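One-letter residues, chain by chain:
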Amino acid sequence: PETLRSIRKTGDLLRTLGKLDEAEPLCVEALETSRRVLGEDHPDTLRALGALGMLRRSQDEPMQAVPLFEEALDNSRRVLGDEHPDTLILLDNLSGALRELGELAAAESCYRELVEAERRARGAEDPSTLRSITTLATILREQGEHAEAQELLVASEPSARQALAVDGPEPLASLLTELGRVRTELGAFAAAEAGLLEAHALCVEPPGTPPEQSAACVQALVDLYAAWDTAEPGQGHDAARAEWSRRL
């Protein structure tokens, strides 16, 4: 079992480093051998299924990833339970693959289940729960469900603020960035601006957030000022858009 775990983890590390051709034989070997030696229901076999699914996503093959995640998820629910961390990870990964296929309704269903399970297992203020809520709101926005997305994010904002001191700025910055995007879509430009500027301050102040989060926030500000200028031309919003565009 330790050899198989080492094979799987090495393949997963190579995938993370972008060395997909090197990762492929290791991920396949880990799964095939785990099935034979440990059995279909062993947790390490389920993790090997998930690792191969992640490789397929990295290879831009989400259609091949989905059945791997679905098989692993069905077995994980049965063997480990609905709220086991491995089950929650598989729900997250399956939803990501479904989004990449454009199957937003199915992805939304996965994320609703994930959010409820994380609330029960981890609590509303856990960073993983807050990230899942933010992603669910993103999926709702992508389907035009702006009012529900805003309601979800506003209800979770106090928990994100309470978690700030312990867990750092990233969950709150992500939530405020998505809330800013939703409010932009709803035409609530002043509220969107306030939240996005706060999110950007969280991104740039130590310890800060990942660079991609800061870039996402800046892009949201660019989009805000572009929409605001279209709705209310001649108010200086075009200059603000140009300034934030330069920061990208």
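Everything below is about the structure shown above.
The rules we used
Every chain's residues receive numbers from 1 upward, in the order its sequence appears when written. In view of the model being predicted, local features appear only for residues whose pLDDT reaches at least 70, and side-chain atom pairs are presented and counted only at 80 or more, with totals across whole chains, interfaces and linings using the full set of residues. With hydrogens and water excluded, all non-hydrogen atoms of the structure serve as input to the side-chain values. To qualify as a helix, a DSSP run of H or I must reach at least 4 residues; to qualify as a strand, a run of E must reach at least 2; elements of each kind are numbered from the N terminus. Each residue's exposure class comes from its accessible area (1.4 Å probe, protein chains only) as a fraction of the maximum for that residue type: buried when under 20%, exposed when over 50%, partly exposed otherwise. Nonpolar cores are built from buried Ala, Val, Leu, Ile, Met, Phe, Trp, Tyr and Cys residues. Side-chain atoms within 4.5 Å join them into one set. Note on definitions: a residue-residue contact is assigned when non-hydrogen atoms from the two residues lie within 4.5 Å. In a helix, the anticipated span is given by 1.5 Å times the number of residues less one. Polar contact is defined as a pair of N or O atoms within 3.5 Å, subject to the rule that within protein one atom must be able to donate a hydrogen and the other to accept it, and that residues adjacent in sequence are counted only when both atoms are side-chain atoms. An axis is simply a line fitted to the C-alpha atoms; with a helix, the fit covers only the stretch in contact. Between two such axes, the angle follows the N-to-C directions and lies from 0 to 180 degrees. Convention used here: angles under 35 degrees read as roughly parallel, angles over 145 as roughly antiparallel, angles from 65 to 115 as roughly perpendicular, and any remaining angle as oblique. A crossing counts as left-handed when the near helix is turned anticlockwise from the far one by less than a right angle, and as right-handed when that turn is clockwise. Charged means Asp, Glu, Lys or Arg here, nonpolar means Ala, Val, Leu, Ile, Met, Phe, Trp, Tyr, Cys or Pro, and polar covers whatever is left, Gly included. Any Lys or Arg side-chain nitrogen located within 4 Å of an Asp or Glu carboxyl oxygen qualifies as a salt bridge.

**Q** Help me understand unusual backbone geometry, please; the structure alone is not making it clear to me.
**A** Trans is the prevailing form of peptide bonds, just as negative phi is the prevailing case for residues other than glycine. Not every positive phi belongs to a glycine, and D60 is a case in point at roughly 60°. Structurally, D60 can be placed in the loop between helix 3 (43-58) and helix 4 (62-79). Take D60: its relative accessible area is 68%, and that puts it in the exposed class.

**Q** Looking at this structure, I do not really get the nonpolar core. What am I missing?
**A** Among soluble globular proteins, nonpolar side chains are generally buried collectively. Counting residues in hydrophobic clusters, the biggest one holds 60 residues, and the most contacted among them are F69, L94, L221 and L224. Broken down by element, the residue count for this core peaks at eight residues, all from helix 11 (residues 211-231). L224 has contacts with T184, F189, A192, E193 and L196, leaving out every residue within four places of it along the chain.

**Q** Can you walk me through helix 3 in this structure?
**A** Residues that lie three or four places apart on an α-helix share one face, since the helix turns once every 3.6 residues. Helix length check: helix 3 (16 residues) gives 23 Å between terminal C-alpha atoms against 22 Å at 1.5 Å per residue, within 8%. Burial of helix 3 is extensive: 13 of the 16 residues sit out of reach of the surface. Note on helix 3: the residue one or two positions beyond its end, D60, has a positive phi of about 60°.

**Q** What am I meant to see in the environment of E178 here?
**A** In this fold, E178 is placed in helix 9 (residues 170-186). Taking the C-alpha atoms as reference points, E178 and V66, separated by 112 residues in sequence, lie 26 Å from one another. In this view, E178 contacts T134, A137, T138, R141 and L153; residues no more than four positions away in its chain are not counted. Engagement of the side chain of E178 in a polar contact is seen with the side chain of T138, the distance being 3.0 Å. Looking at E178, its side chain comes within polar contact range of the side chain of R141, at 2.5 Å.

**Q** Whenever I open this one, the side chain of T33 confuses me. Can you help?
**A** Structurally, T33 is set in helix 2 (residues 20-37). Polar contacts involving the side chain of T33 include one to the main-chain carbonyl oxygen of E29, which spans 2.8 Å. When sequence neighbours within four positions are dropped, the list of residues in contact with T33 reads L4 and L38.

**Q** Whenever I open this one, the packing of helix 2 against helix 3 confuses me. Can you help?
**A** A pair of packed helices is captured by two measures, namely the crossing angle of their axes and the spacing between those axes. The geometry of helix 2 relative to helix 3 is characterised by a closest axis approach of 9 Å and an angle of 155° between their N-to-C directions. Between helix 2 and helix 3, the angle falls in the class roughly antiparallel. You can see that helix 2 and helix 3 cross each other, and the crossing is left-handed. Side by side, helix 2 and helix 3 meet where L20, A23, E24, C27, V28, A30, L31, S34 and R35 of the first sit next to D44, T45, A48, L49, A51, L52, L55, R56 and S58 of the second. Partitioned by chemical class, the residues of the contact of helix 2 with helix 3 number 11 nonpolar, three polar and four charged.

**Q** Mind showing me how you'd approach the pattern of salt bridges here?
**A** Opposite charge on two side chains allows them to pair when their charged atoms are near. The full count for this structure, using the stated rule, is 26 salt bridges. E71 is the partner of R35 in a salt bridge, and the nearest nitrogen-oxygen pair spans 3.0 Å. Taken as a pair, R35 in helix 2 and E71 in helix 4 lie far apart in primary sequence, 36 residues in all. On the accessibility criterion, R35 (27% relative accessible area) is partly exposed. E198 is paired through a salt bridge with R161; the nearest N and O atoms lie 2.6 Å apart. Taken as a pair, E198 in helix 10 (residues 189-204) and R161 in helix 8 (residues 146-167) lie far apart in primary sequence, 37 residues in all. Judged by its relative accessible area of 29%, E198 is partly exposed. By relative accessible area, R161 is classed as partly exposed at 35%. Among the charged side chains, a salt-bridge network with shared partners connects E2, R5, R8, D44, R47 and D86.

**Q** Sorry if this is basic, but what is going on with the environment of T3 here?
**A** Considering the arrangement of structural elements, one finds T3 in helix 1 (residues 2-16). Through-space distance from the C-alpha of T3 to that of V79 is 23 Å; in sequence the pair is 76 residues apart.

**Q** Would you take a moment to explain the side chain of D44 for this structure?
**A** With respect to the secondary-structure elements, D44 resides in helix 3. Of the polar contacts made by the side chain of D44, one reaches the side chain of R47; its length is 2.8 Å. Excluding residues that lie within four positions of it along the chain, D44 makes contacts with R5, R8, S34 and L38.

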